[in-house]
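Inside the fold
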Amino acid sequence: MLLEQINRPEDLKRLSMAELELLAGEIRQFLIEKLSVTGGHLSSNLGVVELTIALHTLFHSPYDKLLFDVGHQAYVHKILTGRKDKFDTLRKYKGLCGFIKRSESEHDVWEAGHSSTSLSAAMGMAMARDLKGEHNKVVAIIGDGAITGGMALEAMNHIGHEKKNIMVILNDNEMSIAPNVGAIHNYLSKIRSDRHYLKAKEEVEHLLKKIPAIGGTLAKTAEKLKDSLKYFVLNGVWFEELGFTYIGPVDGHNLPVLLDTLKQAEKVVGPVLVHVVTTKGKGYTPAEQDSHSWHGPGPYKIESGQVLKSVGPPMYTEVFGNTLIELADKDSRIVAVTPAMPGGSGLLKFAKQFPSRMIDVGIAEQHAATLCAGLASEGLKPVFAVYSTFLQRAYDQVVHDICRPKLNVAFAIDRAGFVGPDGETHQGVYDIAFLRSLPNMVLMMPKDEQELRNMMQTALEYNDGPIAYRYPRNSGIGASLDEAPRAIPIGTWETLREGDYAVVLAVGPMVQVAEDAAVQLAKEGINLRVVNARFIKPLDEAYLCQLAKESLPIITMEEGAIQGGFGSAVMEFFAANHFSGLHVHVMGIPDYFVEHGTVKEQREEVGLTALNLIAEVKKLVPRKRQRA
Ligand SMILES: Cc1ncc(C[n+]2csc(CCOP(=O)(O)OP(=O)(O)O)c2C)c(N)n1
Ligand SMILES: CC(=O)[C@@H](O)[C@H](O)COP(=O)(O)O
Ligand SMILES: [Mg+2]
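As the structure is a prediction and not an experimental result, all values here were calculated from the model.

**Regarding the site of ligand 2**
Neighbouring ligand 2 are 13 residues, the closest being His295, Tyr387, Asp422, His426 and Arg473. Arginine 415 has a polar side-chain atom sitting 2.8 Å from an oxygen atom of ligand 2. Between ligand 2 and arginine 473 there is a distance of 2.8 Å, counted from an oxygen atom to a side-chain nitrogen or oxygen. For ligand 2, the protein covers 86% of the area, taking 360 Å² as the surface of the free molecule.

Below you can see the structure in the form of structure tokens.
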């Protein structure tokens, strides 16, 4: 096995072309086998095997900087940079990260997880290199999905203007997670499909070379001719006009061609964009045939291509998708907006049923948010379906374009709380803090699936500005979904279990954790009151005033950052209303980034468990006795 001999990129430089090609096959096999056990971003990685080999063969990492956009397609890079033996731990607790991570390897010069950042970072590194008088290469590898993100376009605008020596590898597989969308996608498709352009380009370039270099009018005419011909026959005119030398499209699975092309590109002075065409899922038939479903599968059976699914209640995402159809059926004002996550957000069925009311804007969270504002300003009821972590991108738009003008946009915030194997870049644990500080915002989280449906109805009936419901990545508790959705009065909590020992104000899935703890405590004669704090904003102020009078010890529990979170809101309320002497203990996520693992492991790490709640309640014993 060649792969066994590869422990660092230098090892590649000794291999012949035939051996490099053999190695590509071995790496594919390795990925298919390892990911069948761990799960992970299979399709994207199968698509970049030759490309990554070519990059590491030609460049000198980490001296030369290879920046992988998003980083979900960097498994081959990890294999080639000494981490192949850790693949059994991929995306597992304390194991190999599913994205690039600076602390993991000196070859991971850039960190990501969110898309479209690599070009800005590459520009920063190139500027630093030039300021320091160094000569390393800076190479950003970005997909056709990620390049449509606003940040990437902003960076191209800057790079093309500054004419820095940066190489951009555009890995074009025609796919985002779902099929890619948008005008840039259409433009790339045109370049790809007009293969005859390639031939024409060669012929015209040959012809142009024959025009003698003479002065005067004829020379000017020849230059003009070159320019105008460019528009008709050259690929990538748009990139050229932005200041990049465009090379491509090249077959990203043909190693000799790839290496040749990269060598040419290396010689270009100024920014160069190499357009590489690849097949997502290359080499594994099920993934090639349906790279959307195979973007990030869980464990699977290699032979049958069957992804192993755990049985249990439906995911919150599915409940959301089905309920939205139910609501949209009755209310034609509802439109769904997704920034490139139609599948992940549970909107595929909705898209089929209401194609004209389903808007996929590509990776463009900021645009999506303001688009919703525009739709709402014209009386529609947009539902912005977005993962908590990606909503971070659109903060200014939420503040400036939605909250300030008080527009009726509903936010369906999926993946709220811990997300498991994607880890720290994807945890949905900041939205409580960054949304509850915004005037006009209403923020809810359901304790179970039926309550999610009720919150969706609440949002639909609400006409006083933005309203958000956040829900976890995984399944709910299996609540019955037979009831029609019904609105909940804004700012009201519900007491689920009476108790006079202490009260826990729990948010979302923490309600169930609190219930479990209460059941255990009851066996020891400790009566813990459990309150479903379903509105994070506005708080149930009347209930908090009553609590303050009762003077019970209070524990708040949320799967979100403690700083600025729900517990902080409760304490702010007591402080602002001069309720002093209360015992409030806040349970949430401390001030650090929680890494990948299972949600259970992540909760255990930060103490968001029934056991820990029981321990906290028991610590209250002396306090209670003191009061008595
Ligand atoms: C800001 C942001 N929005 C959405 C995502 C979710 N996401 C991860 S990969 C991906 C598709 C990227 O497509 P592309 O860059 O073409 O890479 P490919 O998977 O095709 O290799 C999306 C939408 C993300 N990581 N970051
Ligand atoms: C890389 C990326 O951002 C997505 O592929 C993400 O991993 C999807 O997460 P879900 O599996 O939760 O949809
Ligand atoms: Mg792609």
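**A closer look at the site of ligand 1**
The environment of ligand 1 is formed by 22 residues, the closest being His72, Gly145, Met175, Lys280 and Glu365. Contacts to ligand 1 include methionine 175, whose backbone N or O atom sits 2.9 Å from an oxygen atom. Relative to its free-state accessible area of 590 Å², ligand 1 is covered by the protein chains to the extent of 97%. The class makeup of the residues in the shell around ligand 1 is eight nonpolar, ten polar and four charged. No fewer than three residues from each of domain 1 (3–194 + 242–289) and domain 3 (316–470) sit in the shell around ligand 1.

**Points about the coordination of the magnesium ion (ligand 3)**
Within the first shell, the magnesium ion (ligand 3) binds the protein through Asp144 (OD), Asn173 (OD1) and Met175 (O), at distances of 2.0 to 2.1 Å. Within one chain, the residues donating to the magnesium ion (ligand 3) are spaced in sequence as D-x28-N-x1-M. Pair noted here: aspartate 144 is in the loop between β2 (138–143) and α6 (150–162) and methionine 175 is in the loop between β3 (167–172) and α7 (183–193), with a separation of 31 residues, a long-range link. Relative accessible area serves as the criterion here: at 2%, aspartate 144 is assigned to the buried category. According to the relative accessible area criterion, methionine 175 is buried, its value standing at 17%.

**Re the domain arrangement of the protein**
As assigned here, the protein comprises domain 1 (3–194 + 242–289), domain 2 (198–234), domain 3 (316–470) and domain 4 (494–627). Relative to domain 3, the C-alpha centre of domain 1 lies at a distance of 32 Å. Taken together, both faces of the contact between domain 1 and domain 3 bury some 1400 Å²; the carbon and sulfur share is 52%. The three residues of domain 1 that bury the most area against domain 3 are Arg91, His114 and Val181, which together make up 38% of that side's buried surface. Where aspartate 422 meets arginine 91, a salt bridge forms, and the shortest distance between an N and an O atom there is 2.7 Å. Linking domain 1 with domain 3 are five residue pairs in polar contact (both at pLDDT 80 or more). Its residues assigned to classes, the side of domain 1 that touches domain 3 shows seven nonpolar, eleven polar and two charged.

**A word on the sheet that holds β2**
A sheet is described by the order of its strands in space; here five strands give the open sequence β1-β2-β3-β5-β4, paired in parallel fashion. Looking at strand neighbours, the two that pair on one side only are β1 (65–68) and β4 (245–251), the edges of this open sheet. Strand-to-strand, the axes of this sheet are offset by a mean angle of 20°, without reference to chain direction. Here β3 runs beside strand β5 (residues 272–277); their pairing, made up of six bridges, is parallel. Directly across from asparagine 171, in β5, lies its bridge partner valine 276. Sitting on the sheet, α7 is in contact with β3, β4 and β5, with an inclination near 70° to β5.

**Some points on the UniProt feature "binding site: Mg(2+)" (unreviewed entry) in the protein**
Under the present numbering, the feature "binding site: Mg(2+)" (unreviewed entry) in UniProt falls on Asp144 and Asn173. A stretch of 30 residues holds the annotated residues, and the largest C-alpha distance among them is 6.8 Å, short enough that they meet in one place. With respect to the helices and strands, the residue asparagine 173 is situated in the loop between β3 and α7. The exposure class assigned to asparagine 173 is buried, which follows from its relative accessible area of 11%. If near-sequence neighbours (up to four positions away) are discounted, asparagine 173 is found in contact with Asp144, Thr278, Thr279 and Lys280.

**Re the pattern of salt bridges**
By the definition in use, this model includes 36 salt bridges. Between glutamate 424 and lysine 101 there is a salt bridge; the shortest N-O distance is 2.5 Å. Residue glutamate 424 is found in the loop between β11 (410–414) and α18 (431–436), and its partner lysine 101 is found in the loop between α4 (75–83) and α5 (118–132); the two are separated by 323 residues along the sequence. The exposure class assigned to glutamate 424 is partly exposed, which follows from its relative accessible area of 21%.

**A few points about the nonpolar core**
Formed by 81 residues in total, the largest nonpolar core has its most connected members in Phe320, Phe384, Leu391, Phe411, Tyr469, Trp493 and Leu505. With seven residues, helix α13 (residues 316–330) is the single largest residue contributor to this core. Setting aside residues up to four positions removed in sequence, leucine 505 forms contacts with Trp493, Val531, Ala533, Tyr543, Leu544, Leu547, Ile554, Ile555, Thr556, Met557, Phe566 and Val570. Core analysis: the second largest hydrophobic core is formed by 52 residues, Val49, Tyr75, Ile247 and Leu259 among them.

**Quick notes on the packing of aromatic side chains**
What the rule picks out here adds up to 22 aromatic pairs. When the centroid spacing of 5.5 Å and the interplanar angle of 70° are considered together, the rings of phenylalanine 30 and phenylalanine 87 count as edge-to-face. With a gap of 57 residues between them, phenylalanine 30 in helix α1 (residues 17–38) and phenylalanine 87 in the loop between α4 and α5 connect regions that are remote in the sequence. Accessibility expressed as a relative area gives 15% for phenylalanine 30, which makes it buried. Three or more aromatic residues link up through ring pairs in this structure, and these residues are Tyr187, Trp238, Phe239 and Tyr246. The side chain of arginine 357 reaches across the aromatic face of phenylalanine 354, ending 4.6 Å from its centre.

Calculation rules
- Residues numbered from 1 in each chain as written.
- Chains lettered and ligands numbered in written order.
- Predicted model: local features only at pLDDT ≥ 70, side-chain atom pairs only at ≥ 80, totals over all residues.
- Heavy atoms only, no water.
- Near = heavy atom within 4 Å.
- Polar contact = N/O pair within 3.5 Å; in protein donor to acceptor, adjacent residues only side chain to side chain.
- Areas by Shrake-Rupley, 256 points an atom, 1.4 Å probe, with all protein chains shown as cover.
- Nonpolar A, V, L, I, M, F, W, Y, C, P; charged D, E, K, R; others polar.
- Domains from an automatic or database assignment.
- Donors = N, O, S within 2.8 Å, 3.2 Å for Na, K, Ca; no water.
- Helix = DSSP H or I, 4+ residues; strand = E, 2+ residues; numbered from the N terminus.
- Buried < 20%, exposed > 50% of the residue type's maximum accessible area, 1.4 Å probe, protein only.
- Buried area = accessible area lost by both parts, 1.4 Å probe.
- Salt bridge = Lys/Arg side-chain N within 4 Å of Asp/Glu carboxyl O.
- Pairing = 2+ DSSP bridges.
- Axes fitted to C-alpha atoms, helices over the stretch in contact; angles between N-to-C directions.
- Contact = heavy atoms within 4.5 Å.
- UniProt positions renumbered as here; feature names shortened; annotations may be inferred.
- Core = buried A, V, L, I, M, F, W, Y, C linked by side-chain atoms within 4.5 Å.
- Phe/Tyr/Trp six-rings, centres within 6.5 Å; stacked < 30°, edge-to-face > 60°.
- Lys NZ or Arg CZ within 6 Å of the ring centre and 35° of its normal.

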